[in-house]
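Fold and geometry: a report
One-letter residues, chain by chain:
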Amino acid sequence: MAVVVVCGDVENRAEVHPHGATLTSWKVDGEEMTFVSRNAVFDGKKAIRGGIPLVFPNFGPWELGPQHGFARTSTWNLVQTPVQGSGNSVAVFELEDSEQTRAIWNYKFKVRYTVSVGDHQLETNLDVTNTGDHQFDFTILLHTYFRLPDIRKTTVDGLKGCMYTDKVHKDRKTESRDLISVAAETDNMYEATSSVHHITHGAGGYTFVVTKRNLPDTVVWNPWEEKARAMSDFGDDEYTKMICVEAGHVASRYVLSPKQTFSGGQIITLKKE
Ligand code: TA6
């Protein structure tokens, strides 16, 4: 049985599953803030549907291997155990190249993933080091599933004026809206966005403030009804209770020279109105 790593205390905590180092819970004052499908699979056979799956070394379909790369379906090593009740509890996981990864993507690397729980705050950082002698390039993303009371009352800001690829309508456009809302299948990859997004829940709810570091792009995804029904690890009615707002470096590939390190991450702060 995989041991889930817990950061924080009873009321304010995060849980991380070693399969993909997938954060599968973030609780604030005892309330769950991330979305994990009731049909999510935890047997290691596929990515966990929800929380924060880690996308590396490729975002999207990949001719060399599985969609979204192998990081989210690999077993990561816990290298720093959280100190419980210390207020700001930190866990560190690492993934290094292996025979399996080199068979798909023949490069030497180490990814270090740091999860830190603070006061109404969750910080997740990724450091990718090229430990080999050959330059490589990658795309990387935190595929964050936010839990919502109702997608139809949710808005996201920080995207106005950005070019984006609309995967549903197979089109490239410029975002004209100050606040985007979702009322159908949405799969937009926004380029060079604001470093801060506010995900609001309508009157009286709460707001997620997402502050990005060195992750210039943001993907906004909701499968809506038809795609929800088509996913075996996603409940047919669950699309109303979630939105993915995904911080990443995905519009272009990041080139990493030997012995260099890429560092990027996000801080999610919960603001209660
Ligand atoms: O991040 C949006 C996206 O690329 C969508 O196109 C959809 O495929 C989603 O990721 C989930 O992908 P998955 O491989 O986890 O089913």
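The structure this text deals with has already been given above.
What counts and what doesn't
The residue numbering used here restarts from 1 in each chain and proceeds along that chain's sequence as written. The predicted origin of the model limits local features to residues at a pLDDT of at least 70 and limits the giving and counting of side-chain atom pairs to 80 or more, whereas totals for whole chains, interfaces and linings rest on all residues. Excluded from the side-chain calculations are hydrogens and water; all other atoms, namely the structure's heavy atoms, are used. Strands are labelled as partners when DSSP assigns at least two bridges between them. Runs of E in the DSSP output that reach at least two residues are strands. Runs of H or I that reach at least four are helices, and both are numbered from the N terminus. In what follows, salt bridge is the name for a side-chain nitrogen of Lys or Arg lying within 4 Å of a carboxyl oxygen of Asp or Glu. The buried label applies to any residue whose accessible area, calculated with a 1.4 Å probe on protein chains only, is under 20% of its type's maximum; exposed applies above 50%, and partly exposed to all values in between. Working definition of a nonpolar core: buried Ala, Val, Leu, Ile, Met, Phe, Trp, Tyr and Cys residues. They are joined through side-chain atoms within 4.5 Å. Residues are labelled near a given molecule or strand when at least one of their non-hydrogen atoms is within 4 Å of it. N or O atoms within 3.5 Å of each other form a polar contact, as long as, within protein, one can give a hydrogen and the other can take it, and as long as residues adjacent in sequence are counted only when both atoms are side-chain atoms. Only the protein chains shown count as cover for residues, with accessible areas throughout obtained via the Shrake-Rupley method and a probe of 1.4 Å. Note on residue classes: Ala, Val, Leu, Ile, Met, Phe, Trp, Tyr, Cys and Pro are nonpolar, Asp, Glu, Lys and Arg are charged, and everything else, Gly too, is polar. Centre distance within 6.5 Å is the pairing criterion for rings of Phe, Tyr and Trp, where only the six-membered ring of Trp is used; planes under 30 degrees apart are then read as stacked, over 60 as edge-to-face, and the remainder as tilted. When charges are counted, Lys and Arg contribute as positive and Asp and Glu as negative, whereas His and the chain ends are disregarded. In this analysis, two residues are considered to be in contact whenever any of their non-hydrogen atoms come within 4.5 Å of each other.

**Re the sheet that holds strand E1 (residues 5–8)**
Sheet architecture is open: four strands sit in the order E1-E2-E3-E4, paired in antiparallel fashion. What marks the edges here is a single partner per strand, and that holds for E1 and strand E4 (31–32). Two strands pair when backbone bridges link them, and strand E3 (residues 22–28) and E4 are joined in this way by two bridges, in the antiparallel orientation. Its bridge partner lying in E4, Lys 27 is registered against Glu 32.

**Some words on the pattern of salt bridges**
One pass over the structure, following the stated rule, counts 22 salt bridges. Residue Lys 272 is joined to Asp 29 by a salt bridge in which the shortest nitrogen-to-oxygen separation is 3.3 Å. Here Lys 272 is found in strand E21 (residues 261–272), whereas its partner Asp 29 is found in the loop between E3 and E4, with 243 residues between them in sequence. Judged by relative accessible area, Lys 272 falls into the partly exposed class, the value being 45%. When the shortest N-O distance is used, the salt bridge between Glu 185 and Lys 227 registers 2.7 Å.

**Observations concerning the sheet that holds strand E6 (residues 77–80)**
Across the sheet, which stays open at both edges, the nine strands sit in the order E6-E7-E8-E9-E21-E18-E17-E12-E15 with antiparallel pairing between neighbours. The sheet is open, and its two edges are formed by E6 and strand E15 (180–181), each paired on a single side. As judged from the eight bridges shared by strand E7 (residues 89–96) and strand E8 (residues 109–118), these two strands associate in the antiparallel manner. Within the sheet, the bridge partner assigned to Ser 89 lies in E8 and is Val 117.

**Quick word on the nonpolar core**
Phe 56, Tyr 113 and Ile 243 are the most contacted members of the largest nonpolar core, which totals 65 residues. Listed in part, the six residues of the second largest apolar core include Phe 59, Leu 141, Val 219 and Val 250.

**Observations concerning the site of the ligand**
In the neighbourhood of the ligand, the contacting residues comprise Arg 49, Phe 59, Gln 67, His 68, Arg 72, His 143, Lys 167, Asp 187, Val 219, Trp 221 and Glu 246. Within the side chain of His 143, an N or O atom sits 3.0 Å from an oxygen atom of the ligand. Here Glu 246 contributes a side-chain N or O atom positioned 2.6 Å from an oxygen atom of the ligand. For the ligand, whose free accessible area comes to 390 Å², the fraction covered by protein is 85%. The class makeup of the residues in the shell around the ligand is three nonpolar, three polar and five charged.

**A look at the packing of aromatic side chains**
Taken as a whole and judged by the stated rule, the model has 23 aromatic pairs. Centre to centre, the rings of Phe 146 and Phe 208 are 4.8 Å apart; their planes meet at 45°, and the pair counts as tilted. Of the two residues, Phe 146 is situated in strand E11 (residues 145–147) and Phe 208 in strand E18 (residues 206–213); the sequence distance between them amounts to 62 residues. You'll find Phe 146 and Phe 208 in the same group, each marked buried. By way of ring pairs, the aromatic residues Phe 56, Trp 62, Phe 70, Trp 105, Tyr 107, Phe 109, Phe 136, Phe 138, Tyr 254 and Phe 262 are connected into one cluster.

**Re the side chain of Asp 157**
Along the polypeptide, Asp 157 turns up in the loop between strand E12 (155–156) and strand E13 (163–166). The charged side chain of Asp 157 is buried without a salt bridge, its nearest counter-charge being Lys 212 at 10 Å. Reaching out from Asp 157, the side chain makes a polar contact with the backbone nitrogen of His 198 at a distance of 2.5 Å. Sequence-distant contacts of Asp 157, defined by excluding residues within four places in its chain, comprise Asp 178, Leu 179, Val 196, His 197 and His 198.

**Concerning the environment of Ile 180**
Relative to the elements of secondary structure, Ile 180 occurs in strand E15. Along the sequence, Ile 180 and Gly 265 sit 85 residues apart, while their C-alpha atoms lie 23 Å from each other. When near neighbours in sequence (up to four residues on either side) are disregarded, Ile 180 contacts Thr 154, Thr 155, Val 156, Leu 159, Glu 175, Tyr 190 and Val 220.

**Quick notes on the pairing of E21**
Here strand E9 (residues 121–130) runs beside E21; their pairing, made up of nine bridges, is antiparallel. Within E21, the residue paired with Leu 126 across the bridge is Gly 264. Pairing between E18 and E21: eight bridges, direction antiparallel. Counted as the bridge partner of Tyr 206 is Lys 272 from E21.

Treat this as a map of the structure, not an account of what it does.
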